[in-house]
Amino acid sequence: MFDIKAIRDNPAAFDAGLARRRLEPRSADLLDLDARRRALITEAQEAQSRRNAASKDIGRAKKAGEDAQALIDEVAGLKTRLAELEAERDRVETQLTEALAWLPNTPADDVPDGADEADNVELRRWGTPAAFDFEPREHFALGEALGQMDFEAAAALSGSRFVVLKGALARLERALGQFMLDVQTAEHGYDEVMTPVLVREDALFGTGQLPKFADDLFRTTDDRWLIPTAEVTLTNLHRDQIVEEESLPRRYAALTYCFRSEAGAAGRDTRGMIRQHQFNKVELVSVTTPEAGEAEQERKVGCAEAILQKLGLAYRVVSLCTGDLGATMRRTYDIEVWLAGQQRYREISSVSWAGDYQARRMNLRCRPKGERETRFCHTLNGSGLAVGRTLIAVMEAYQAADGSIAIPEVLRPYMGGLERIAAP
């Protein structure tokens, strides 16, 4: 959401931010609604003031034995007019709120301009992609050959874009999630949280998935929604709260199932686990002060990178351009892991800074120590990491010519000492 006063003070800057997202100017329309709203408020205040004065005049007239009918009629008319003004004000306020709710966040100044993912800017690389003296296979070929990755059984149960993992691969996915949580909590200071995966509509509005991205979500018959990421639940923990700034930053980590309809993804990544309707992810969320927001994003990127480094997986970090930037975010860095089977980098984490955009939507404020005035917090989120995609990367990077998969050393304690997954 946006502060209408800020748009009023600098409409050109607001429209320039929209232009970077290839959107038409909106400040004139928004300010017209704002002017009508304020005019209605002023007229209602004046009518109420006159009504109060006329009511007093009625009392004085009756006390003096004078005819007060004209004043009585005026008060009755003002009551009717006030109801009309309030109804019109509510209608205009709703229009303004809905118009603001659909608008995307303003990109940070250093976000590269561009049309789509082809214009994203690579910032750095870490590690060397694994080299093989054989043709490396993709994860689904490896998993099916091991008899531990079953897409047909999942399709019979649930349809396309689901998977059944079995045996050591099922344990490896569980191990990855546990390992990620242990690192983020013990080494990076995140508080572990277990949250619901079903939420009400206002939670998704707060983080910005609604109203614009309803088609990307799953909805239940009792009007609850399955979360697309624990960003929704973790950020909304402080909805409608005032947080003392001396207690910030608040850092939370959660391992949850996530659910996405993959609307618009027909024909993309139809084989394997890259793009699933249901998947596991460790989500990292921070709530902090406006001054600390940008630094917190850099820190969070490092927290996500640490997982890949400990696993020995090569990756790169890219800055998303304006055309690829999520609607709710000011800046996003994607971490893309090297997939040996595809011979390309694929996204495994997005680390984003929302500024005060989400905080305004959920009325999340902070208060400096010793002060009465409050201000909106800054919120950030990032994957630390997507568990299924990490499983894919481990399988493909650590595969052998015989189809077996070595277990990275840091995961072996979580696997009961198992060093390699091989077919029976």
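Throughout what follows, the structure given in this document is the object of discussion. Note that the structure is a prediction, hence the values are computed from the model and not measured.

1. Regarding the pairing of strand 10 (residues 278–288)
Then step 1. Here strand 10 lies mainly inside the structure; ten of its eleven residues are buried.
Then step 2. As judged from the ten bridges shared by strand 9 (residues 250–259) and strand 10, these two strands associate in the antiparallel manner. Within strand 10, the residue paired with Tyr 252 across the bridge is Val 285.

2. A look at the pattern of salt bridges
Then step 1. Scanning all chains against the criterion turns up 34 salt bridges.
Then step 2. Glu 84 is the partner of Arg 81 in a salt bridge, and the nearest nitrogen-oxygen pair spans 3.3 Å. With Arg 81 and Glu 84 both in helix 4 (residues 69–101) and three residues apart, this pair spans about one turn of that helix.
Then step 3. A salt bridge links Glu 245 to Arg 375; its shortest N-O distance comes to 2.7 Å. Of this pair, Glu 245 sits in the loop between strand 8 (242–244) and strand 9 while Arg 375 is found in strand 15 (residues 375–376), placing the two residues 130 residues apart along the sequence.
Then step 4. Look at Glu 245 and you get buried, because its relative accessible area is 14%.
Then step 5. Through salt bridges that share partners, Arg 8, Asp 34, Arg 37 and Arg 38 make up one connected network.

3. Considerations on the packing of helix 5 (residues 139–146) against helix 12 (residues 387–397)
Then step 1. Their axes nearest at 9 Å, the elements helix 5 and helix 12 cross at an angle of 80°. Here helix 12 runs roughly perpendicular to helix 5, going by the angle between their axes. Side by side, helix 5 and helix 12 meet where His 139, Leu 142 and Gly 143 of the first sit next to Ile 392, Met 395 and Glu 396 of the second.
Then step 2. In the contact of helix 5 with helix 12, the residues fall into three nonpolar, two polar and one charged.

4. Let's talk about the packing of aromatic side chains
Then step 1. Summed over all chains, the structure comprises seven aromatic pairs.
Then step 2. Seen in terms of ring centroids, Phe 2 and Tyr 357 are 5.9 Å apart; in terms of plane orientation they differ by 80°. Their pairing is edge-to-face. With a gap of 355 residues between them, Phe 2 in the segment before helix 1 (4–9) and Tyr 357 in helix 11 (residues 357–362) connect regions that are remote in the sequence. For the pair Phe 2 and Tyr 357, one class covers both residues: buried.
Then step 3. Seen in terms of ring centroids, Phe 179 and Tyr 414 are 6.1 Å apart; in terms of plane orientation they differ by 75°. Their pairing is edge-to-face. Taken as a pair, Phe 179 in helix 7 (residues 167–186) and Tyr 414 in the loop between strand 17 (405–406) and strand 18 (420–421) lie far apart in primary sequence, 235 residues in all.
Then step 4. You can call Phe 179 buried: its relative accessible area is 4%.

5. Quick word on the layout of surface pockets
Then step 1. Roughly 390 Å³ of internal volume is contained in the second largest pocket.
Then step 2. Considering the residues around the second largest pocket, the lining is formed by 16 residues, among which Phe 2, Ala 6, Phe 14, Thr 106 and Asp 356 are closest to the centre.
Then step 3. Taken together, the residues of the lining of the second largest pocket break down into seven nonpolar, five polar and four charged.

6. Considering the environment of Arg 367
Then step 1. You can see Arg 367 is positioned in strand 14 (residues 365–367).
Then step 2. Counting along the chain gives 50 residues from Arg 367 to Val 317, while the straight-line C-alpha distance between them is 34 Å.
Then step 3. The contact partners of Arg 367, leaving out residues within four places of it in the chain, are Ile 242, Val 243, Glu 244, Glu 245, Arg 372, Glu 373 and Thr 374.
Then step 4. At a separation of 2.7 Å, a polar atom in the side chain of Arg 367 contacts the side chain of Glu 244.

7. Looking at helix 10 (residues 293–311)
In an α-helix there are 3.6 residues to a turn, and that puts residues three or four apart on one side.
Then step 1. For helix 10, built from 19 residues, the straight-helix expectation of 27 Å at 1.5 Å per residue is met to within 8% by its first-to-last C-alpha distance of 28 Å.
Then step 2. A positive phi of about 70° marks Gly 312, the residue just after helix 10.

8. Digging into the side chain of Arg 21
Then step 1. With respect to the secondary-structure elements, Arg 21 resides in the loop between helix 2 (11–20) and helix 3 (27–63).
Then step 2. Of the side chains with opposite charge, Asp 324 lies nearest to the buried Arg 21, which makes no salt bridge, at 9.3 Å.
Then step 3. Contacts of Arg 21, omitting those with residues within four sequence positions, involve Pro 104, Asn 105, Pro 107, Thr 322, Leu 325, Gly 326, Ala 327 and Met 329.

9. Topic: the side chain of Glu 283
Then step 1. In this fold, Glu 283 is placed in strand 10.
Then step 2. The class of Glu 283 is buried, set by a relative accessible area of 2%.
Then step 3. There is a polar contact of 3.5 Å between the side chain of Glu 283 and the backbone nitrogen of Gly 382.
Then step 4. The contacts of Glu 283, once residues within four sequence positions are left out, are Thr 229, Ala 230, Glu 231, Leu 234, Tyr 252, Ala 253, Ala 254, Asn 381, Gly 382 and Ser 383.

Conventions used here
- Residues numbered from 1 in each chain as written.
- Predicted model: local features only at pLDDT ≥ 70, side-chain atom pairs only at ≥ 80, totals over all residues.
- Heavy atoms only, no water.
- Buried < 20%, exposed > 50% of the residue type's maximum accessible area, 1.4 Å probe, protein only.
- Helix = DSSP H or I, 4+ residues; strand = E, 2+ residues; numbered from the N terminus.
- Pairing = 2+ DSSP bridges.
- Salt bridge = Lys/Arg side-chain N within 4 Å of Asp/Glu carboxyl O.
- Axes fitted to C-alpha atoms, helices over the stretch in contact; angles between N-to-C directions.
- Parallel < 35°, antiparallel > 145°, perpendicular 65-115°, else oblique.
- Contact = heavy atoms within 4.5 Å.
- Nonpolar A, V, L, I, M, F, W, Y, C, P; charged D, E, K, R; others polar.
- Phe/Tyr/Trp six-rings, centres within 6.5 Å; stacked < 30°, edge-to-face > 60°.
- 1 Å grid on protein atoms, 1.4 Å probe; cavity = no way out; pocket = protein on both sides within 12 Å on 5 of 7 lines; lining within 4 Å.
- Points joined across faces, edges and corners; volume = space filled by probe spheres on them.
- Polar contact = N/O pair within 3.5 Å; in protein donor to acceptor, adjacent residues only side chain to side chain.
- Expected span 1.5 Å × (residues − 1).
- Lys, Arg positive; Asp, Glu negative; His and termini not counted.

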